[in-house]
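Each chain is listed here by its residues.
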Amino acid sequence: MSKSDQRNDQTGQYVSFKLHGEEYGVPILSVHEIIRYETVTRVPQSMDFIDGVLNLRGRVIPVVNLRMKFGLPQREVDNSTRIMVVDVNSRVVGMVVDEVCEVQDINADEISPAPPLGAKINTEYITGMGKIEDRLMILLNLNKIFTLDEGEQVEEAARV
């Protein structure tokens with residue numbers, strides 16, 4: 001697939017959210033719902049970035065703290081904190097974010113490839129950079145956000 005074909009695949013609507021002052025976006029079709037932060041049940045011996053599980057209308061879903069996953073400093077939960085319920089590799093997962101901003105239309109000509117950040121930084125889950133007016137939005141591929149081991153840990157947390 002050529003780079004222009006890949007950018008055309010990325011054209012669409014994105015739900016934007018903030019983490020540590022930076023704006024991120026995920027395809028709207030991968031978002032089930034957005035809820036206020038609720039207390040989650042910790043799962044013993046799970047990875048640091050797994051906050052625990054949440055009972056969402058009778059369904060147990062794992063809740064991932066994206067700040068921890070991305071190695072960002074932690075912050076207290078406040079009135080803006082949300083859990084985005086999304087599809088990750090055909091699995092429903094909650095992602096804790098600082099705040100949800102808006103739904104944004106992004107065209108192919110507004111998307112640049114993710115910049116190389118060095119061999120030690122995994123950017124495989126960054127599909128590109130959306131240019132919106134005078135700001136940049138980091139576009140995420142949720143299906144590549146976890147390594148194989150991390151994905152298994154998230155899956156295991158939901159079985160508790």
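This text goes with the structure placed above it.
Now for a look at the structure at hand.

Calculation notes
Residues numbered from 1 in each chain as written. Predicted model: local features only at pLDDT ≥ 70, side-chain atom pairs only at ≥ 80, totals over all residues. Heavy atoms only, no water. Pairing = 2+ DSSP bridges. Helix = DSSP H or I, 4+ residues; strand = E, 2+ residues; numbered from the N terminus. Axes fitted to C-alpha atoms, helices over the stretch in contact; angles between N-to-C directions. Buried < 20%, exposed > 50% of the residue type's maximum accessible area, 1.4 Å probe, protein only. Arc of directions from axis to C-beta. Contact = heavy atoms within 4.5 Å. Polar contact = N/O pair within 3.5 Å; in protein donor to acceptor, adjacent residues only side chain to side chain.

The next point concerns the sheet that holds strand β10 (residues 126-132). In spatial order, the strands read β8-β1-β2-β11-β10-β9; together these 6 strands make up an open sheet with mixed pairing. Sheet topology places β8 (99-106) and β9 (111-112) at the edges, where each strand pairs with a single neighbour.

Glancing now at the sheet that holds strand β6 (residues 82-88). The 5 strands are arranged β3-β6-β7-β5-β4 in an open sheet whose pairing can be described as mixed. If you trace the sheet from one side to the other, it starts and ends with β3 (31-36) and β4 (50-56), each paired once. Taking the axes of each pair of neighbouring strands and ignoring which way they run, one obtains an average angle of 30° across the sheet. Bridging between strand β5 (residues 59-65) and strand β7 (residues 91-97) involves 3 bridges; their strand directions are parallel. In the strand pairing of β7, V63 is matched with G94.

Given 3.6 residues per helical turn, the α-helix brings residues three or four places apart onto the same face. Those residues of helix α3 (residues 148-158) that fall on the buried side of the exposure criterion are E150, V154, A157 and A158. Seen along its axis, α3 keeps its buried residues to an arc of 100°; they face one direction. Pointing more than 90 degrees away from the buried face of α3 are the exposed residues L148 and D149. Those residues of α3 that are buried are in contact with β4, β5, α2 (66-69) and β7.

The subject of this paragraph is the pairing of β6. Regular strands place side chains that alternate from one sheet face to the opposite one. Within β6, 6 of the 7 residues are buried, which leaves it mostly tucked inside the rest of the structure. Pairing analysis gives 5 bridges linking β3 to β6, with the strands arranged antiparallel. The residue bridging I35 from the neighbouring strand is I83, located in β6. The pairing of β6 with β7 spans 7 bridges and is antiparallel. Among the inter-strand pairings, V86 is bridged to a residue of β7, identified as V93.

Mapping T81 onto the fold places it in the loop between α2 and β6. Taking relative accessible area as the criterion, T81 reaches 4% and is therefore assigned buried. Of note is the side chain of T81, whose polar atom sits 3.4 Å from the side chain of R75. Setting aside its immediate chain neighbours within four residues, T81 contacts R36, Y37, R75, E76, V96, V97 and D98.

Counting buried residues along β7, 7 of its 7 residues qualify, which places the element largely inside the surrounding structure. Every second residue of β7 is oriented toward a common face, with R91, V93, M95 and V97 on one face and V92, G94 and V96 on the other, all of them buried. In this structure, the hairpin formed by β6 and β7 is closed by a connection of 2 residues, where N89 is found at a positive phi of approximately 50°.

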